[in-house]
Amino acid sequence: DGVRYLHFGSPWIQGAMRLRRPFDLELDYVRHMMAWLLFMAPPARVLQLGLGAAALTKWCWRHLPGTETVAVEASPAVIAACRQWFALPHDDDRLEAGHADAGENVASPRARGRYGVVQVALYDREARGPVRESSAFYRDCRRAIAEPGMLVVNLFGSDHSSFERNRIRIDEVFGGRVLVLPPVEAGNLIVLAFAGPPL
């Protein structure tokens, strides 16, 4: 019906693009991930951990002209697929889509205080839960945020075993300054965590 889907060799949908509107946000949970715009103006830099079908990366690049968008993806094949099949533009002075480990990238001293928003959607082909979910990972994400700023995390619904442990870890790292959005039809829950002065 005019929508192209990305799968990692499993039934789980990793992203989608409407062919006639390739820069729109097709999936409802992806739209929820942009809810940070309700709380703050576009920052100088946004970091996307996990590229998926590049919907968030493309949207930020297209609609936030004053923002540099950096996407980190562990699979070169996913980056190539996004460029070939999902209209991901080539890198320019406002876009960088690079092959790297998300945990190592966000833990790098270079990442400290660099991003106004860090968006996290890290799943593999089995989609058993986020592939990065430790307290140390969330602390590194917190350190990478320029204040005031936000962490946005895509989690499976509250009935999935991974949800509560991730919510607790994010809540601890961000001192309880966390908002969980209502679930979307597919069950995903988006968590917003706030860093720095109140927004």
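See the structure printed just above.
So, here is what we can say about the structure in this document. In this text, all values refer to a predicted model and were calculated from it rather than measured experimentally.

**A word on helix α2 (residues 55-63)**
Argument step 1. Along α2, 7 of the 9 residues are buried, which leaves the element largely enclosed by surrounding structure.
Argument step 2. Taken together, the buried positions of α2 are Ala55, Leu56, Thr57, Lys58, Trp59, Cys60 and Trp61.
Argument step 3. Where α2 is buried, its residues touch β2 (13-18), α1 (28-33), β3 (45-49), β4 (68-73), β5 (95-99) and β6 (115-120).

**Let's talk about the nonpolar core**
Here is a general trend for soluble globular proteins: nonpolar side chains tend to be buried in one another's company.
Argument step 1. Membership of the largest hydrophobic core comes to 28 residues, with the highest contact counts inside it found for Leu49, Val118, Val120 and Leu151.
Argument step 2. Residue assignment for this core shows that the elements contributing at least two residues are β3, β4, α4 (102-107), β6, α5 (135-144), β7 (145-155), α6 (161-173) and β9 (189-195).
Argument step 3. Those residues in contact with Val118, other than ones at most four positions away along the chain, are Leu47, Leu49, Cys141, Ala144, Ile145, Met150, Leu151 and Val152.

**A look at the environment of Gly9**
Argument step 1. Here Gly9 is to be found in the loop between β1 (3-7) and β2.
Argument step 2. Given a relative accessible area of 70%, Gly9 falls into the exposed group.
Argument step 3. Considered as a pair, Gly9 and Asp159 are 150 residues apart in the sequence and their alpha carbons are 24 Å apart.

**Description of α5**
Argument step 1. Among the residues making up α5, those that are buried are Phe137, Tyr138, Asp140, Cys141 and Ala144. In an axial view of α5, the angular spread of the buried residues amounts to 155 degrees, which keeps them on one side of the axis.

**Concerning the pattern of salt bridges**
Argument step 1. Scanning the model with the defined rule gives 9 salt bridges in all.
Argument step 2. A salt bridge links Asp101 to Arg132; the nearest nitrogen and oxygen atoms lie 2.6 Å apart. Of the two residues, Asp101 sits in the loop between β5 and α4 while Arg132 sits in the loop between β6 and α5, which places them 31 residues apart along the sequence.
Argument step 3. In this structure, the salt-bridge partner of Glu147 is Arg142, at a minimum N-O distance of 2.6 Å.

Calculation rules
- Residues numbered from 1 in each chain as written.
- Predicted model: local features only at pLDDT ≥ 70, side-chain atom pairs only at ≥ 80, totals over all residues.
- Heavy atoms only, no water.
- Buried < 20%, exposed > 50% of the residue type's maximum accessible area, 1.4 Å probe, protein only.
- Helix = DSSP H or I, 4+ residues; strand = E, 2+ residues; numbered from the N terminus.
- Contact = heavy atoms within 4.5 Å.
- Core = buried A, V, L, I, M, F, W, Y, C linked by side-chain atoms within 4.5 Å.
- Arc of directions from axis to C-beta.
- Salt bridge = Lys/Arg side-chain N within 4 Å of Asp/Glu carboxyl O.

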